[in-house]
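The lines below spell out each chain.
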Amino acid sequence: AQSVTQLDSHVSVSEGTPVLLRCNYSSSYSPSLFWYVQHPNKGLQLLLKYTSAATLVKGINGFEAEFKKSETSFHLTKPSAHMSDAAEYFCVVTLGSNDYKLSFGAGTTVTVRA
Amino acid sequence: DAMVIQNPRYQVTQFGKPVTLSCSQTLNHNVMYWYQQKSSQAPKLLFHYYDKDFNNEADTPDNFQSRRPNTSFCFLDIRSPGLGDAAMYLCATSKGGGETQYFGPGTRLLVL
């Protein structure tokens, strides 16, 4: 079985400063890992995806994440936060071609101060 | 643009009155999913269809049913909504298992 732990339930940053959202996973197999963002009263939008290619994954809106197998981590970063980055972020893992059920982390709420 | 569409965006129903939520996709994906998301929680998978094959999660209440009449459309039926069913309902699609899931904007259900 796999599980996902988002280490921070809430992150607050100033506009223009870096953002770091931490995610650790456990999986018996080589997982696929995702970060999704959800703005208030909206659906989930895919930020980026790792599927055993490059360990540094670049996503939309300036986000990127690094897969570290030795640390079982998949942390999300952005060098400079924008007000529009205020949202809920979910780290998600799935096992493979027969896995239809996403394992979600609990989510991290990001607030951005002007 | 290819997308996942949900209607309506907001739905108000009365306690015990059946309600149907709609999802359509232009991605031509094989798999369609329904999730329930309560406030400040991660989405919870209710069921999914691979083509016409229905797969129910073990802990999904019988009160929740689904129909997929064709590749493009999928419906969520709540037979007798209770106050605890008030939530955001998200539809998603993917090409297959383990593939990226693409989410619709959601329908927020309010039960009075």
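Just so you know, the residues in each chain are numbered from 1, in the order the chain's sequence is written. A letter from A marks each chain and a number from 1 marks each ligand, given out in the order of writing. Predicted model: local features are reported for residues with pLDDT of at least 70 only, side-chain atom pairs are reported and counted for 80 or more only, and whole-chain, interface and lining totals are derived from all residues. Only heavy atoms go into the side-chain values, all of them from the structure, while hydrogens and water stay out.

### Some remarks on the environment of A:M83
Residue and element names in this part refer to chain A.
Next, step 1: For the purposes of this entry, the term helix denotes a DSSP run of H or I that reaches at least four residues, the term strand denotes a run of E that reaches at least two, and both are numbered from the N terminus. Take M83: it is sitting in the loop between β9 (73–78) and β10 (87–94).
Next, step 2: The buried label goes to any residue with under 20% of its type's maximum accessible area, the exposed label to any with over 50%, and the partly exposed label to all in between, with areas taken from a 1.4 Å probe on protein chains only. The class for M83 is partly exposed, based on a relative accessible area of 36%.
Next, step 3: In this structure the C-alpha to C-alpha distance between M83 and S12, which are 71 residues apart in sequence, comes to 11 Å.
Next, step 4: Apart from the residues lying within four places of it in its own chain, the contact partners of M83 are E15, V112, R113 and A114. By the convention used here, residues are in contact when the closest approach between their heavy atoms is within 4.5 Å.

### Regarding the interface of chain B and chain A
Next, step 1: Taken together, the contact between chain B and chain A spans 25 residues of the former and 20 residues of the latter.
Next, step 2: Both faces considered, chain B and chain A share a buried interface measuring about 1700 Å² in area, 55% of it formed by carbon and sulfur atoms.
Next, step 3: For the chain B face of the interface with chain A, the top three residues by lost area are B:G98, B:T100 and B:F103, together amounting to 26%.
Next, step 4: One speaks of a salt bridge when a side-chain nitrogen belonging to Lys or Arg is within 4 Å of a carboxyl oxygen belonging to Asp or Glu. At the boundary of chain B and chain A, one finds 1 salt bridge.
Next, step 5: Across the salt bridge formed by B:E57 and A:K101, the nearest N and O atoms sit 3.1 Å from each other. Values labelled buried area give the accessible surface lost by two parts on being combined, using a 1.4 Å probe and summing over both.

### Some remarks on the state of the cysteines
Next, step 1: We call a pair of cysteine sulfur atoms a disulfide whenever their separation is within 2.5 Å. Counted by the stated rule, this structure contains 2 disulfides over all chains.
Next, step 2: Sulfur-sulfur distance for the disulfide between A:C23 and A:C91 comes to 2.0 Å. Sign of the S-S torsion, about -70 degrees for the bond between A:C23 and A:C91, identifies this disulfide as left-handed. Of the two residues, A:C23 sits in strand β4 (residues 23–26) while A:C91 sits in strand β10, which places them 68 residues apart along the sequence. Of the two residues, A:C23 and A:C91, both sit in the buried class.
Next, step 3: For B:C23, the disulfide goes to B:C91, at an S-S distance of 2.0 Å. Handedness here is read from the sign of the S-S torsion; for B:C23 and B:C91, about -70 degrees, the answer is left-handed.

### Looking at the sheet that holds strand β8 (residues 73–78) of chain B
Residues and elements named next belong to chain B.
Next, step 1: In space, the 4 strands of this open sheet follow the order β1-β3-β8-β7, with antiparallel pairing throughout. Every interior strand has two partners, whereas the edge strands, β1 (4–7) and β7 (64–67), have only one. In this sheet, adjacent strand axes meet at a mean angle of 20 degrees when their direction is disregarded.
Next, step 2: Relative to β8, strand β3 (residues 19–25) runs antiparallel, the two being bridged by 6 bridges. Within β8, the position partnered with S24 by the bridge is F73. At least two DSSP bridges between two strands are required for those strands to pair. All axes here are fitted lines through C-alpha atoms, helices being fitted over the stretch that makes contact, and every angle between N-to-C directions spans 0 to 180 degrees.

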